[in-house]
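# Survey of secondary and tertiary structure
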Amino acid sequence: MESYTVIRSNRRTVGLRLDKDGRLVVRAPYCTSEAEIRRIVEKESAWLAREHERFAARQAAHPEPDEAQRRALIEKAKTILPPKIEHYAALMGVRPARVTITGARTRFGSCSGRNAISFSWRLMQYPEEAIDYVVVHELAHIRHHDHSAAFYRFVASVMPDHEARRALLRQ
């Protein structure tokens, strides 16, 4: 039986997820018994095995960089991203309020309600096609602050192969 951490809250369902270190986190309603949680974890053992394999593969493909590598990736981001942002922003008719480079681990990019865009330097470990996709995706949020059908139509109007490029981020 796999070990796990339980986080209880006012939610209605039990959710399973691997955290950034590959440990199982179970989110459950206050009223869910330990026995029910164990039953759900056991029932989902095949899914958990697949998720652990995916996690291990991702870790192998993208190991945590050392300090020198981190600095190099930040410099790469500072060099590569501005011309891409300028190119796609002009093409899309949008303009970010500001652009920052972060060390975010769980998101390659984000766009605030005030149209400030952030990109993780970790994105620089991926192919250029994937980087372009994230740039277009975040710039599209300036026009559509959601993931609606209109948002994806806008992305597709600029980058028809956006789905294949997005898939590169999952490898």
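Computed from a prediction, not measured in an experiment: that's the story for all the values here.

## Digging into unusual backbone geometry
Its identity as a non-glycine residue notwithstanding, Asn 115 has a phi of 65°, on the positive side. Mapped onto the elements of the fold, Asn 115 is located in the loop between strand S5 (109-111) and strand S6 (116-120).

## Let's talk about the pairing of strand S3 (residues 24-29)
In terms of residue burial, S3 counts as a mostly covered element, since 5 of its 6 residues are buried. Sheet analysis places strand S2 (residues 15-18) next to S3, joined by 4 bridges and oriented antiparallel. From the neighbouring strand, Leu 18 faces S3, where its bridge partner is Leu 24. Connecting the antiparallel pair S2 and S3 is a turn made up of 5 residues, with Gly 22 showing a positive phi of about 85°.

## What to know about the packing of aromatic side chains
Following the criterion strictly, the structure yields 2 aromatic pairs and no others. Between the aromatic rings of Phe 108 and Tyr 126, the centroid separation amounts to 4.9 Å while the plane-to-plane angle is 75°, which identifies the pairing as edge-to-face. On the criterion of sequence distance, the pair formed by Phe 108 in the loop between strand S4 (98-102) and S5 and Tyr 126 in the loop between S6 and helix H4 (128-143) is long-range, its members being 18 residues apart. The exposure class of Tyr 126 is buried, given its relative accessible area of 9%. Taking 4.9 Å as the distance between ring centres and 85° as the angle between the ring planes, the aromatic pair formed by Phe 151 and Tyr 152 counts as edge-to-face. Classification of Tyr 152 as partly exposed rests on a relative accessible area of 22%.

Thresholds applied
- Residues numbered from 1 in each chain as written.
- Predicted model: local features only at pLDDT ≥ 70, side-chain atom pairs only at ≥ 80, totals over all residues.
- Heavy atoms only, no water.
- Helix = DSSP H or I, 4+ residues; strand = E, 2+ residues; numbered from the N terminus.
- Buried < 20%, exposed > 50% of the residue type's maximum accessible area, 1.4 Å probe, protein only.
- Pairing = 2+ DSSP bridges.
- Phe/Tyr/Trp six-rings, centres within 6.5 Å; stacked < 30°, edge-to-face > 60°.

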